[in-house]
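# Observations on chain architecture
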Amino acid sequence: MIVKHLNKVIEIKKYHEGLAEQVAKMWNLSRDGWGGDTRVMTEDEVKKKEANSDNIELYLALDGDEVVGYCGLSEYKEDTGALYIPLLNVRPDYQGHKIGKKLVLQALEKTVELGWPRLDLYTWAGNTKAVPLYKKCGFFWEDRDDSTHLMNFIPQVLNTPLLKPIFERLDWYDASTRLIEVKPDGIKGNGFTFYEYSWQNGNTYARIQFERTSRGISLIETDDFILQMKLADHEVIHEEEREFEIKIVNKGTEPLSLKASGTGNDRIHYDFTTDIIVDHESTISAAFTVQKGEEPSVWRTHPSIDAKVWINGLECELKLGVFPINPAKIEASYSGNLCFLNKATSIDVEITNNLKEEAVFHLCFPVDQLVVLQNQNIEVSVPARGRKTVAMPLTVKQHGFYKPVLMITAKKEDGQELTFEQEITVAFKGPGERFGGESKDFWHIFNGQGQINVRKRDLLTTAAKNTKKQQPFAFLTPKLGKPYSLEFTKKKPTSVRWETNDSSIDLIITLESTEMDGLFLTQTYRLFGDGMLQTWAEAENTGSVVHPDVAFSQPVYHEMEEVYFPLDDQVVHFSGNRIMEFGDLDAKSITGNWYFSEGPSGPIGLAWAETSNAAPEGWQFMIEDQFGKMEPGAKALSGKITLSLGAIQHVDEFIAFAQQTPFKKKLETSSELNFHADQLVIQPDKEVSFTLKTFRNSYLDGSLTVENETQVISSDLEKTSFSLTLESEGLEAVSIIEADFNGNGTETAFREMLLSPSGLVSSDTFDGSFIVDNGIIRLKADPDFYPGVYSMNVNGQEWFDHSYPELTAKSWWNPWAGGMKTAPYGINTFSMLKESSTASVVELSDREGNKWTGLAINTEFKEHKQWKGVRYVQYYVMLPGIPVVASFAEVKDNGRKNLAHELWITDLFLGGDELTDLSISVHDRQPGHTYHAGSQEIPLRLDGDSFIGMDRTRDKLYFIPNNDSVLAEAYTNKEVLQLVSKHQGDFAKSAPLFLLFDERKLTGDLLKKLRRVQF
């Protein structure tokens, strides 16, 4: 198929892998047409996506070697009897030249060729450019709230024998007289919706109506006749006898031969046949009844009355869908999540009157072992087509799935009574109680607060700790391939069963593949009481055919907030302000088998087996297992997928779970758009390098300004990381660098910290004290007095409170030394003084090669019973001219003691000329909270923005605990001000904590950058 575009020839070709690079380019140049999406598509991603695709065909529009249009064609997953266009695109610079029309018509032509009756697609309501194109090509916009769904019945029109002679004279596209409007379509009446085509060309006229729910022809009008199937109402009460009619009007002068027959189906019973000659007009009537069964879904074709009709020997099929109903719809619910035994409570029973008149409904509840009913009967009057909700008082005696069958009588105003049965379902959940159940639309399992709901319609599976209908996470329909098929979205399982284990309950669903002969897939969902869910699948080849390459894919949907993902060997945090979707990730960047989300729904973590492959695919996340060749009788097991619904509260603990390793240290995370100095410490006369990196699957596109230097980063550069170098002249000892990135539709401000050393660190000893001085801070320690630093003087102002040279009693402590120390938690001052400690001046290099100088205090336990044999060193080190002290501990000899669960404590006592000169400022989510020391007893938890102020100096003391800290707090009373940091772990060398002095008000995010320093 060829179409002219300007002076070039546009060809429509089928996809092959040699075109993958050009397809990727097309998507990258089409972002503006998809809301300004900035995600990057690569050749490899296209190859993988199309290899896994269930497309029957993929048509591409080519301008020479360039792909400028895309149209997939696959089987429609939500319904029977239709093909589907999953994705249609024309590159923006080629739009307006009828390329989209040609692609759609190509897909339509293939649908006709394959004999399918219908072609469907989805779009969005605001797609005002494409909707007229779709309608001109034969699509109707279905009037629904949940989606913008379009259906095209032209294939059925062209493949109907009765209509073929007409369309030899009519061009269905050019002769159309249908009114095109950008709104939902449909002619409504008696609950039906009809879609109407009309054509006129010279002396030839045709009009055809399709009924929405049957997806079939209900009316045909030509120059020769009008043929129509009619029914009084779309809604039909179960087992109530009704009539339909087929009417024919002869518009010509010659008699028409009419034959018609229909024999019903599993749901609708009727049987008729007729053979007549029609001179002018005739009507055929027949009775039918609808048997009880499931309520039809708006997503699928409804039960219908079907009739084969022949006019003058040419066949057509007429259809009308029906919506089977009881006189009333009864639904029940329980307002709580957990219920409590032997407590008076109630369930809510909603009664919807399906009758066209007011009626009194009498509901009789049977006796059931789970509950004791206050009254077995409810009687309520409900207006025509109205609803009422009434409370049914009861007492729950046992936890479980309550599913009584109600005997219901509807009494009409004329005295007529209609009797029917209906089941209601309510889950009475309790702590530790495990059970399963089946409701009208779902299969369920429950364990404590947790529950799993598998939707019967398409096997969509939600897991939650509550009964809310909308959940942020779902397992979508599992798929077998390759290529992957969506057959299980339309297929009922061969079996569904429940199995209860010691601490969990299983829901086991077995599915039979028709596309891979003899292959059965069994999916297990295992729910634990703590909110942990595991799922896996087993494939078994029960047939005689060898399947050479079998794969299993489990798609996942998740509305993520505050999500953490392992990317490029870093833990990247995507903030909750800008929503992250799976399509924002580059599959090649994923370097872990987990992700973790925090938000209003609580912490949710997903982990998969390391042997499985996981990658984003649009808005889904696909977890894949390769089973390979499966001989007859072979079985294959997928890796387990684990979902934590609040069972694990923190991301670092979830990573340890996913990797099956003990949790040791808290994480340092990177932000999704990360700006950092390549070096924290800048040596004199060295250039300063900064890097901007995005972890989203999009190229940087905008301008980066660092101080007064601006660089433009064009998306044409195809960069996700960009570096900028500046001169280091004019840096302060502690410099705060301001930077801004304006691009990709966002403006982001960054602040980075730099340390610029100058001068020397001097050391001395005097009267037993070891002294180091970096020009700003002077530290003193005397190991014969106490194993810690007793003095810290900053710019001439003493900050430590101490009793040097004599121990004393103070407040709760006796003896008390003051100053600063790190020691094992629970060892008191008396015990520390019994041990041997020494001090020395040391020079250490951090991991970036910077030299730090300070004090080392070595303590060896020889007397303490639990710690005997352990030797550790406290370090207090500084850079020259920098108002920062780094402090950490190193275990030199563990004395064969297991330190894994020991707690270490660093504390320091602050003082000034007066204790009341000091104050503690905390952010506490409310600015302006300042607590004065020395006034009353106040325990405080320190947040990241906290600082200590002193009346006699403008300096502020920032106390930055190490990354392993489990607690940082302050305590003050009338005598002391103490700061405390605790950390736990089996370490040879702890991460450092920091004391920083600065006049400025600094944020916690900025201060944490000091943690880059590691020794």
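Below: a short report on this structure.

Definitions and limits used
- Residues numbered from 1 in each chain as written.
- Predicted model: local features only at pLDDT ≥ 70, side-chain atom pairs only at ≥ 80, totals over all residues.
- Heavy atoms only, no water.
- Salt bridge = Lys/Arg side-chain N within 4 Å of Asp/Glu carboxyl O.
- Buried < 20%, exposed > 50% of the residue type's maximum accessible area, 1.4 Å probe, protein only.
- Phe/Tyr/Trp six-rings, centres within 6.5 Å; stacked < 30°, edge-to-face > 60°.
- Helix = DSSP H or I, 4+ residues; strand = E, 2+ residues; numbered from the N terminus.
- Lys NZ or Arg CZ within 6 Å of the ring centre and 35° of its normal.
- Core = buried A, V, L, I, M, F, W, Y, C linked by side-chain atoms within 4.5 Å.
- Pairing = 2+ DSSP bridges.
- Axes fitted to C-alpha atoms, helices over the stretch in contact; angles between N-to-C directions.

### Quick notes on the pattern of salt bridges
- Throughout the structure, instances matching the rule amount to 59 salt bridges.
- K491 is the salt-bridge partner of E487, the closest N and O atoms lying 3.0 Å from each other. Here E487 and K491 have matching classes, each one buried.
- Residues K629 and E631 are paired through a salt bridge, measuring 3.3 Å at the closest nitrogen-oxygen approach.
- Exposure remark for K629: the relative accessible area of 55% places this residue in the exposed category.

### With respect to the packing of aromatic side chains
- Evaluation of the coordinates by the stated rule reveals 51 aromatic pairs.
- For the pair F140 and F153, a centre-to-centre distance of 6.3 Å together with 40 degrees between the ring planes defines the contact as tilted. One end of the pair, F140, is in strand β8 (residues 139-141); the other, F153, is in the loop between β9 (148-152) and α5 (154-158), with 13 residues separating them in the sequence.
- F153 sits in the buried class, given a relative accessible area of 0%.
- One aromatic cluster is present, built from ring pairs that chain together F140, F153, F167, Y195, Y197, W199 and F210.
- In this structure, R144 is placed above the aromatic ring of W299, and the distance from its NZ or CZ to the ring centre is 4.5 Å.
- Residue placement shows K956 over the ring face of F947; its charged tip is 5.7 Å from the ring centre.

### Here's the deal with the nonpolar core
- If you look at the biggest cluster of nonpolar residues, it comprises 77 residues, and the most contacted ones within it are W199 and F244.
- A per-element tally of this core places helix α3 (residues 99-114) first, with six residues.

### Considerations on the sheet that holds strand β55 (residues 688-694)
- Read from one edge of the open sheet, three strands run β54-β55-β58, paired in antiparallel fashion. Whereas interior strands pair on both sides, the edge strands pair on one side only; in this sheet they are β54 (673-677) and β58 (721-726). With direction set aside, neighbouring strand axes in the sheet form an average angle of 15 degrees.
- As defined by bridge partners, β54 adjoins β55 across five bridges and the pair is classed as antiparallel. Opposite N674, over in β55, you have K693 as the bridge partner.

### Let's talk about the pairing of strand β60 (residues 746-755)
- Two strands pair when backbone bridges link them, and strand β59 (residues 734-743) and β60 are joined in this way by ten bridges, in the antiparallel orientation. Bridging across to β60, F741 finds its partner in T748.
- Hairpin connection between β59 and β60: a loop of two residues separates the two successive antiparallel strands, and N744 in this loop has a positive phi of roughly 50 degrees.

### Let's talk about the sheet that holds strand β71 (residues 871-878)
- Read from one edge to the other, the open sheet built from nine strands follows the order β69-β70-β71-β72-β81-β78-β77-β74-β75, with strand pairing classed as antiparallel. Strands at the two margins of the open sheet, each flanked by one partner only, are β69 (836-845) and β75 (929-932). Neighbour-to-neighbour, the strand axes of this sheet turn through a mean angle of 20 degrees, independent of strand direction.
- Bridge analysis of strand β74 (residues 918-922) against β75 gives four bridges, and the strand direction is antiparallel. Looking across to β75, one finds that S919 is bridged to H932.

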